[in-house]
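Commentary on secondary and tertiary structure
Each chain, letter by letter, is given below.
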Amino acid sequence: MRILVPVKRVVDYNVKIRVKADGSGVDTANVKMSMNPFDEIACEQAIRLKEAGHAEEIVAVSIGEAKCQETLRTALAMGADRGIHVEAPADVQPLAVAKMLRAIVGREQPGLVVMGKQAIDDDSNQTGQMLAALLGWAQATFISKLELADGRAVVAREVDEGLERIEVTLPAVLTVDLRLNEPRYASLPNIMKAKKKPIDVLTPGDLGVDPAPRLLYLKVEEPPRRQAGVKLGSVDELVTKLKQDAGVI
Amino acid sequence: MALRGDERHAELRAALREFCARFPAEYHRRHGAAGSYPVEFVDALTRAGWLAAMIPEAYGGSGLGLTEASVIMEEINRAGANAGHCHGQMYNMCTLLRHGSKAQKDTYLPRIATGELRLQSMAVTEPSTGSDTTRTRTTAVRRGDRYLVNGQKVWISRVQHSDLMILLARTTPLAEVRRKSEGLSLFLVDLEAALAKGLTVRPIANMVGHETSELFFDDLEIPAENLIGEEGRGFRCLLDGLNAERTLIAAECIGDGRWFIDKVKAYAKERMVFDRPIGGNQGVQFPIARAHVNVEAADLMRFQACARFDAGLDCAAEANMAKLLAADASWEAANVCLQLHGGFGFAVDFDIERKFRETRLYQVAPVSTNLILAYVAEHVLGLPRSY
């Protein structure tokens, strides 16, 4: 079986986000970029499946500007076998991404697509679900546990009530949650090997997809600054404040 | 190269930063305070192949040069850790790689690459023989298929976290050689075997929690096949290791310098006094800027030394000059960082006092600033020998 792992290049999770002065988006100039952490978990899971004998090949795919190849190299250094870079504008939206992934699935015929449940930049949480719908495949989202056997995947999904255990038939799209695994760091020999692994470069046109945005962002702004709190002397004072000032009781 | 120093080998740096982030400041602070060896950190570095960077691919390493090895050491120090706990493996490797026999390489390199064996120690310095290495008093006398070693060494680092050690001993008495640099030989010592049979290790407590010891050799037997290179020509072999060591330590100083500058730059921007950041004062920003200039300048010499070493050219002048420039630059940055943090610089939780002590060592070891100046005066400028 082949596993497809889509990986997105995002602002590093440690970076303090700055909004551009004109409100048109987030400032990414001279900002550290990394692989979306949920995609790292997806990549790790694919590697573990390969190590356990469930898969023969892992293909990582990234869609976006030229520097996405750095993110692909990270996936290759972790253990993916080859990469596909779809060179596209930086702000491709989930539906266009899902359509491009559908076309790549058509070419590569994977048995599984394992991907992050969402990217930490726009937090859309849509691409996996859209891809499964476009393909007509089973989907299991927010998974924190995975077992494969007899052409089926048994997963635990993290839902509001706790863990939901479901079984899906392969081929399927799996989107992974934080607690599925702890991704490995790349070892030096694997970083060196990754330099020699192939990355194919495609365009959205090669995949028959128009990457132009369908949704228009009106404005991006920072959340309001947190106001300083007050210290109260007694419970009575608190109750009065909650009644009169906050109006919540 | 058009790239700036810290832009070179970006993929190695990115991976190391991610690796080092798993060992936060608190981890190094705890080992610093206890004076203990960061076993988990060094083990993880070894498992991820970083300390086998210079071992050829055929032996299970990554076949990289001193340039890349120096980037590894730099990034460890820049991340707030101390590469002094593990840099021995890198420069000792240079000695074994360049002068070891095929049999020695076949025996040891694959096991060093996997981390099964650690080659962290090199025993050269003696209580009465510091920089004047040719006066080495420890002797190794051939007895059939063995050498019998007697003598004493001091400031031998990481012996307790190493399986193998490179040893310099005199095999022909000083009075019987034409040149005083002749008659010295290098040996590979199996430490575990030696401990039971004539080697005594006595640890020395010290200011920076560096694991270092005194060694006593009392009729220690070493198999003759553990001789590295030719008997009597050990001094030449040793120099490769020393040049690599100095260059790597220059890189560590660059890493320290950048750590101090990152730290003080952030503080100077955010620390408000008289309603404005202290970094707005020229009296504050000029010393930071000057320290940065000196770190960047030292970095150029460090890469020059690395490039010459990797090309197989003589790099003694560059290795020594890089060590001096980088050690001075990191010490300057350390002083600026401590000074501008005021009292907070002395608070253990800021990590500055620990890094300050650690980087101070490099004014002294592994070769003191005065000895570098004496070397440059005599060997580079052709001035009369001053010592």
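For the structure, see preceding data.
Figured I'd write up the structure that's included with this text. (Residues numbered from 1 in each chain as written. Chains lettered and ligands numbered in written order. Predicted model: local features only at pLDDT ≥ 70, side-chain atom pairs only at ≥ 80, totals over all residues. Heavy atoms only, no water.)

**Overview of the overall build of chain B**
Basically, it comes down to this: Counting from the N terminus, the helices are DSSP H or I runs at least four residues long and the strands are E runs at least two residues long. Radius of gyration here is computed from C-alpha atoms only, and the compact-globule reference equals 2.2 Å multiplied by the residue count raised to the power 0.38. With a 1.4 Å probe rolled over the protein chains alone, any residue whose accessible area is under 20% of its type maximum counts as buried; one over 50% counts as exposed, and the rest are partly exposed. Contacts are residue-level and defined by heavy atoms, with any inter-residue pair within 4.5 Å sufficient. All accessibility values rest on the Shrake-Rupley procedure with a 1.4 Å probe; residue burial counts only the protein chains present in the view. Only four residue types enter the tally: Lys and Arg on the positive side, Asp and Glu on the negative side, with His and both chain ends excluded. Note on charges: their place is set at NZ of Lys, CZ of Arg, CG of Asp or CD of Glu.
Secondary structure assignment for chain B yields 12 helices and 10 strands. A globule of 387 residues ought to have a C-alpha radius of gyration of about 21 Å, and chain B, at 21 Å, matches this closely. Taken along its principal axes, the extent of the C-alpha atoms in chain B is 80 × 50 × 40 Å. Within chain B, the proportion of its 387 residues that are buried is 55%. A sequence separation of at least 24 residues applies to 72% of the contacts in chain B between residues at least 6 apart. Just so you have it, chain B exposes about 16800 Å², and 53% of that area is on carbon and sulfur atoms. One finds the centroid of the 45 positive side-chain charges in chain B at a distance of 3 Å from the centroid of its 48 negative side-chain charges.

**Notes on the pairing of strand S7 (residues 212-223) of chain B**
Residues and elements named next belong to chain B. Quick reminder of the rule: When DSSP finds two or more bridges between a pair of strands, those strands are recorded as paired.
Sheet topology note: the strand S3 (residues 146-157)/S7 ladder contains 9 bridges and is antiparallel. Looking across to S7, one finds that lysine 153 is bridged to leucine 215. Note: strand S6 (residues 199-203) against S7, 5 bridges, orientation antiparallel. Looking at the pairing, leucine 199 lines up with phenylalanine 217 of S7.

**As for the interface of chain B and chain A**
Applicable threshold: One speaks of a salt bridge when a side-chain nitrogen belonging to Lys or Arg is within 4 Å of a carboxyl oxygen belonging to Asp or Glu. In the analysis that follows, any N or O atom pair within 3.5 Å is treated as a polar contact, provided that within protein one partner can donate a hydrogen and the other can accept it, and provided that, for residues neighboring in sequence, both atoms belong to side chains.
Taken together, the 15 residues of chain B in the interface contact 13 residues of chain A. Linking chain B with chain A are 3 salt bridges, by the criterion used here. Note that Lys195(A) is salt-bridged to Glu11(B), the shortest N-O span being 2.6 Å. Our count for the contact surface shared by chain B and chain A stands at 4 residue pairs in polar contact (both at pLDDT 80 or more).

Shape descriptors only; they carry no functional weight alone.
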